[in-house]
Amino acid sequence: MKTITRKKEEITKNLRNKRAKSIVEGAAFFAVGFILSSCFVLKVVSPFSISLISVSKKNNFLYTAVGSALGYMLFCPENFARYAVAVIIVSLGTFAVSLADIKNQPYLPMLLSFLALLATGIVVNVKNDSSVTQYALSFAESILGLGGAFFFFKAINCNFRRFRFKALPVSDLTCIIISASVILMSLERLTIVNVSPARIAAVLIILLTARYGSDRLGFILALSIGFSLGIGSTDTMYLAGAYAFSTLLATLFCPVGTWSAAVSFTASVALFSIASGSSTGLYIILESAAASIAFALMPSIATKRIEEFFHGGADTAPDGSLRQSLVVRLRFASSAMNHISESVNEVREKINDIHARNAERTRADLTEEEYIAREIINEKTNEIRVVASDQFFSIADMLADLAKEFDEAEHFDNIAAGRIRRLLGEYEIYPRNISVIEDKFGRMRIEIMTNGRETAISKAEIQKEISKICSRYFEKGRVTHFRDDSMITFAERPNYTFEIGFAQHSAEGKLCGDTIKMVNDGKGHSILIISDGMGKGGRAALDGAMGAGLLSKLLCAGFGFDSALKVVNSALLVKSNEESLATIDCASVDLFTGRVDLYKAGAPATYIVKGSKVTKCELTSMPAGILRGIEFAKRTAVLSSGNLIVMTSDGITEIGGEWLPAMLRGFEDMPPQEIADTVLREALNIAQGQKEDDMSIIVARLK
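Structural notes, computed from the coordinates. Because the structure is a prediction, the values reported are computed rather than measured. (Residues numbered from 1 in each chain as written. Predicted model: local features only at pLDDT ≥ 70, side-chain atom pairs only at ≥ 80, totals over all residues. Heavy atoms only, no water.)

**Let's talk about the sheet that holds strand 11 (residues 606-610)**
Taken in spatial order, the 5 strands of this open sheet run 6-15-14-11-12, and their pairing is antiparallel. A single partner strand is all that each edge strand has here, and the edge strands are strand 6 (498-505) and strand 12 (613-617). For this sheet, the mean inter-axis angle between neighbouring strands, taken without regard to orientation, is 15°. As paired elements, strand 6 and strand 15 (residues 695-702) share 8 bridges and run antiparallel to each other. Within strand 15, the position partnered with Phe502 by the bridge is Ile698. Most of the contacts of helix 24 (residues 672-686) go to strand 6, to which it runs at about 25°, and overall it touches strand 6, strand 14 (644-648) and strand 15. (Pairing = 2+ DSSP bridges. Helix = DSSP H or I, 4+ residues; strand = E, 2+ residues; numbered from the N terminus. Axes fitted to C-alpha atoms, helices over the stretch in contact; angles between N-to-C directions. Contact = heavy atoms within 4.5 Å.)

**Considerations on the side chain of Asp514**
Structurally, Asp514 is set in strand 7 (residues 514-520). Side-chain polar atoms of Asp514 contact the side chain of Ser696, separated by 3.0 Å. Aside from chain neighbours lying at most four places away, what touches Asp514 is Gln504, Ser531, Asp532, Ser649, Asp694, Met695 and Ser696. (Polar contact = N/O pair within 3.5 Å; in protein donor to acceptor, adjacent residues only side chain to side chain.)

**As for unusual backbone geometry**
Not every positive phi belongs to a glycine, and Asp129 is a case in point at roughly 50°. The residue Asp129 is located in the loop between helix 5 (107-127) and helix 6 (132-157) in this model. In this structure, Asn194 is a non-glycine residue whose phi angle is positive, near 65°. Its place among the elements puts Asn194 in the loop between helix 8 (170-187) and helix 9 (197-212). Classification of Asn194 by relative accessible area gives partly exposed; the value is 44%. (Buried < 20%, exposed > 50% of the residue type's maximum accessible area, 1.4 Å probe, protein only.)

**Observations concerning the pattern of salt bridges**
This model, assessed by the stated rule, comprises 10 salt bridges. The partner of Arg472 in a salt bridge is Glu492, and the shortest N-O contact between them spans 2.8 Å. Of the two residues, Arg472 sits in the loop between helix 19 (460-470) and strand 4 (478-482) while Glu492 sits in the loop between strand 5 (485-491) and strand 6, which places them 20 residues apart along the sequence. The pair formed by Arg472 and Glu492 is uniform in burial state, with each residue classed as buried. Of the charged contacts in the structure, one is a salt bridge between Arg595 and Asp597, with a shortest N-O distance of 3.1 Å. Looking at Arg595, the relative accessible area reads 42%, which means it is partly exposed. (Salt bridge = Lys/Arg side-chain N within 4 Å of Asp/Glu carboxyl O.)

**A short note on helix 24**
With 15 residues, helix 24 extends 21 Å between its outermost C-alpha atoms, agreeing within 8% with the 21 Å of an ideal straight helix rising 1.5 Å per residue. Listing the buried residues of helix 24 in full gives Pro672, Ile675, Ala676, Thr678, Val679, Leu680 and Ala683. Against strand 6, strand 14, helix 22 (650-653), helix 23 (659-664) and strand 15 lie the buried residues of helix 24. (Expected span 1.5 Å × (residues − 1).)

Any link to function would need more than the numbers given here.
Right under this line is the structure:
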């Protein structure tokens, strides 16, 4: 009963809030409609109230219409009948559009405003037998109404969430500024001893924007406000040029100090006012001086707030520092470690269940001493697995790998990060962190962290726009999900690509003991992996998949090869009481330079093919899963366009003879997939009659 009562109270409260919001909105539209009816262009026409009615939503257009009609009756009694009819026409049209629920576009409101003003203007001109000039004036008023409807529509319907995130496009921002300028123009006629508080406020806003915002925004504001305030009368037409040029001078003197900017602005406006010979020139000079003094004397606490408003995410990426990016990457590293630890724990629990069932079945066949000894051994083994699982949380050398990576990040492009933030705002994407990183080799990558499983950010059109912002070509965005977060990485497109072919043969059943992985680390490196589990069949497949899978995940997370191998080795050591091992063969190719780093843990030779020359890269090392503390054997080579790298499992290399190098010399122009298939067929033919093993081959050509 209490729950029902509480829900009723919540519903009642929500209804009251909606009703109060509706009343406030209606009052605002009424007031603006009333004010705009007093806005005259060249002291003759007043089209902007009609424009506002046409763009008002169905719940508010009646308020706007009443406010406009009342304003026209007070401020324009001689033309009240004409404007009243225009109000009725545009109100009926707006009502019809709202009933039809037509797509929310500015074209219909623009057409309604234009037709209502043009039709009533022509009727009045015909009745009064007006001159051609009057007809032209009516047409010009209709055009102003059409333009006003467009600007009001864009201002009312812009996404203010994007405005709050400083991600609003310049076009929408301009429409907001022009709409506000028209309202200021309406207030311009309210004067105190011929001095307009609206013009003082306008100059103050322009100076604050130019000083604490940006030069571009200051110019847009000056032009919009100057034009809006200037067209009200022939005496003030010069304000558009005066405010724009004065703002230019103010921005030049802003680095010197606020007083310099204020004096230069006032002096420039004074020059324009004197040159124009306007009767209101003296008052405009006084208004500019008053606003400039207020600007120069603005207290520091207020200027700090204003600066925070303009720069809170507008032109800088607050997450673009080295520290922030390091935190982001370490978080993902921690998630990867947690995932591995959980996997090992799951394996340990399953093994314990198997041992428990086996112990129950064989309990009667063992003496008490044998049973106790076996249980002690199992318990000790389980403790080792637990310790190994816990050690994943504190692998210092992995964190050192990440620290080294960030040490190579020499430059963070905060300006590009801010532009990308605004771009994503246009697609309704609001990332938590954006880092645009350029390393010591001049390569750029972009890391964007979002809440939830965001995938829209990897669209082709977004990638194209990001490439324009950074003046670089990027590869397709790579999305990585960790729990409730997503990281999207855009890596600069490298100089080379890989054409890859691979082939496999299973010696026992459907499961092959070899696992092949091909991954990209997001930093311009293509990594090829073959992991060969001990023996054949399902058990070998499990070892091979575990080795290759863990290694590829860790490398993609940003860890180095040596530290990643230690994790794989520990995981294989604790997987079961029985011997479990896997050879690991890796080739990491830098697609910017063609350098290839070979890493081998018990793996057979790799072949580098350059035309008719075949180089055999053979290194002595131990496979993973036998001993603690094993390390990769390493070798480096350099590839150029057209060169091949050939990696195989021992099922191919141990069938005897030097047939493979000789065969590879004749494959200069053959596609990699065809090469892989051909080598595998030949290996199977040679191995006939021998003890068969799993076979795998990767062939990659640099292009």
